[in-house]
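Overview (structure and organization)
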Amino acid sequence: MMRSLTVDLKDRSYPIHIGEGLYPQLPQLLTECGIQPDRPLMLVTDTQVGPLYMDEVKGHLESAGYRVGTITVPAGESSKSLSRLEAMVEECIRFGLDRAGVVLALGGGVVGDLAGFLAASYMRGISFVQLPTTLLAHDSSVGGKVGVNHPLGKNMIGAFHQPEMVVFDVSTLRSLPEREVVSGYAEVVKHALIWDASFARWLHTNASDLLHLDPEKVGHAIYQGCQVKAAIVSQDEKESGLRAILNYGHTLGHALESAAGYGTYTHGEAVAIGMAAASMLGEELGTAQEVSGFTRELLRQFRLPVSLSGQWDEELLLEHMKRDKKARQGGYAFVLPRSIGEVQLYRDIEEQAIVRVLNRLKEGTT
Ligand SMILES: NC(=O)c1ccc[n+]([C@@H]2O[C@H](COP(=O)([O-])OP(=O)(O)OC[C@H]3O[C@@H](n4cnc5c(N)ncnc54)[C@H](O)[C@@H]3O)[C@@H](O)[C@H]2O)c1
Ligand SMILES: [Zn+2]
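Residues numbered from 1 in each chain as written. Chains lettered and ligands numbered in written order. Predicted model: local features only at pLDDT ≥ 70, side-chain atom pairs only at ≥ 80, totals over all residues. Heavy atoms only, no water.

Naming follows an unreviewed UniProt entry, where the protein appears as 3-dehydroquinate synthase of Marinithermofilum abyssi. Of the protein, the UniProt comment under Sequence similarities (unreviewed entry) reads exactly: "Belongs to the sugar phosphate cyclases superfamily. Dehydroquinate synthase family." Looking at the protein in UniProt, the text filed under Function (unreviewed entry) is "Catalyzes the conversion of 3-deoxy-D-arabino-heptulosonate 7-phosphate (DAHP) to dehydroquinate (DHQ)." (UniProt positions renumbered as here; feature names shortened; annotations may be inferred.)

**Some details on helix α12 (residues 314-322)**
An α-helix turns once per 3.6 residues; consequently, residues spaced three or four apart project the same way. Every buried residue of α12 is listed here: L317, L318, H320 and M321. Angularly, the buried residues of α12 cover 160° about the axis, an arc narrow enough to put them on a single face. In this fold, the buried residues of α12 make contact with α9 (250-260), β10 (332-339) and α13 (351-363). The residue sitting at the N-terminus of α12 and contributing the capping side-chain oxygen is D313; that oxygen lies 3.1 Å from the backbone nitrogen of E315. (Buried < 20%, exposed > 50% of the residue type's maximum accessible area, 1.4 Å probe, protein only. Helix = DSSP H or I, 4+ residues; strand = E, 2+ residues; numbered from the N terminus. Arc of directions from axis to C-beta. Contact = heavy atoms within 4.5 Å. Polar contact = N/O pair within 3.5 Å; in protein donor to acceptor, adjacent residues only side chain to side chain.)

**Some words on the nonpolar core**
By size, the foremost hydrophobic cluster in this structure holds 78 residues, and its most contacted members are Y185, L203, F302, M321 and L361. Of the residues forming this core, the biggest block, 10 residues, is contributed by helix α10 (residues 267-285). Contact partners of F302, with chain neighbours within four places excluded, come to V182, Y185, V189, L203, A207, L210 and L211. Of all hydrophobic cores here, the second largest spans 23 residues; its members include C92, L118, A119 and A120. (Core = buried A, V, L, I, M, F, W, Y, C linked by side-chain atoms within 4.5 Å.)

**Re the coordination of the zinc ion (ligand 2)**
Within the first shell, the zinc ion (ligand 2) binds the protein through E187 (OE), H250 (NE2) and H267 (NE2), at distances of 1.9 to 2.2 Å. Each donor residue of the zinc ion (ligand 2) belongs to the same chain, with the gaps between them written as E-x62-H-x16-H. A residue pair is termed long-range when its members are at least 10 positions apart, and H250 in helix α9 and H267 in helix α10 qualify at 17 residues. What makes H250 buried here is its relative accessible area of 5%. (Donors = N, O, S within 2.8 Å, 3.2 Å for Na, K, Ca; no water.)

**Observations concerning the site of ligand 1**
Around ligand 1, 26 residues are found, and the nearest of them are D46, E77, T133, T134 and S175. Between T172 and ligand 1, the recorded distance is 2.9 Å, taken from a backbone N or O atom to a nitrogen atom. When the free accessible area of ligand 1 is taken as 860 Å², the share hidden by the protein chains comes to 88%. Looking at the shell around ligand 1, the elements that each hand over two or more residues are α2 (50-63), α4 (109-121), α5 (137-140) and β8 (153-160). The residue inventory of the shell around ligand 1, partitioned by class, reads 8 nonpolar, 9 polar and 9 charged. (Near = heavy atom within 4 Å. Areas by Shrake-Rupley, 256 points an atom, 1.4 Å probe, with all protein chains shown as cover. Nonpolar A, V, L, I, M, F, W, Y, C, P; charged D, E, K, R; others polar.)

In structure tokens, the structure reads:
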């Protein structure tokens, strides 16, 4: 069964298709969104995903008459760099990719962000299609944020560039390492907690089947998660207001990732702790009552962490949180719950409240 939805962005609207075994239908789906076999395709993947799915995808496209070039980058965050991008541009030129060309991103968020930025910048912008292969990529493939890292900061060089289409073949998730599955659910849980209380309750009931990648339920979870992100992005494409709520759990999450050194926590693990913290902060400050119990319980169901283990330099964490992109003039900004399924961005949060929450998280007694 294939589920489809549309990200509504006027003339840049695009479809998302989610289901099992969708790759044989790729040529037809491409044709439906106006990409005929006379347009050259550049399929970008990484060294882990490529050996698993590249031949299959390329085979289906070539038998339908498409000319397909391929680029395989090393798996991992370090491929999101300007030097990697430059090498990719060279490969595109040598292949003869022209303005009518289309970049296809086959992989997780790293490949999506990198190949998306290649498409955004190559010849001042060509079309691209996302073929996500991680759970987290249900988040990163919707919304059009693409880019690479700078040694001084993550995602510092990038653009907004919407894809023509997203095709999420959920059968690829079966080869995903377990930690990546767990981590990917953090953003699914986030989408529920910020927007849709009944989806949050459904996740709570179905966590075990979801962790075992029951295809029907995973398809539903990804569909709902994409719905939430699509609804928010279509109201605020360039993040001037509403879209900031997608940063729920990310103020502390990003601080933990950089303070611990990238790679210690996965992104999802850090965001899970961040959401536990935000729900407790909401109670401390009175924006919402009785949300932290459910929030932490839901995260635990997905085997995500909800407390801080080990030694933490509080000053360092606070410093990172102050530098958060949402913060202005040195105050702390947090997205906090109003209730399950509703959140709001708050600025000028008092430091003492944050410190109290950090201590509660460390004790792990809450
Ligand atoms: N653009 C956005 O809006 C947005 C949002 C969230 C995150 N991101 C970005 O996404 C990136 C993280 O994405 P990610 O978690 O998908 O990481 P990733 O792309 O690095 O994938 C994680 C690992 O799993 C491997 N892998 C991917 N799919 C697989 C599969 N089906 N089977 C086996 N192995 C597989 C990859 O090779 C990699 O080693 C970060 O760079 C982050 O900045 C972007
Ligand atoms: Zn995130």
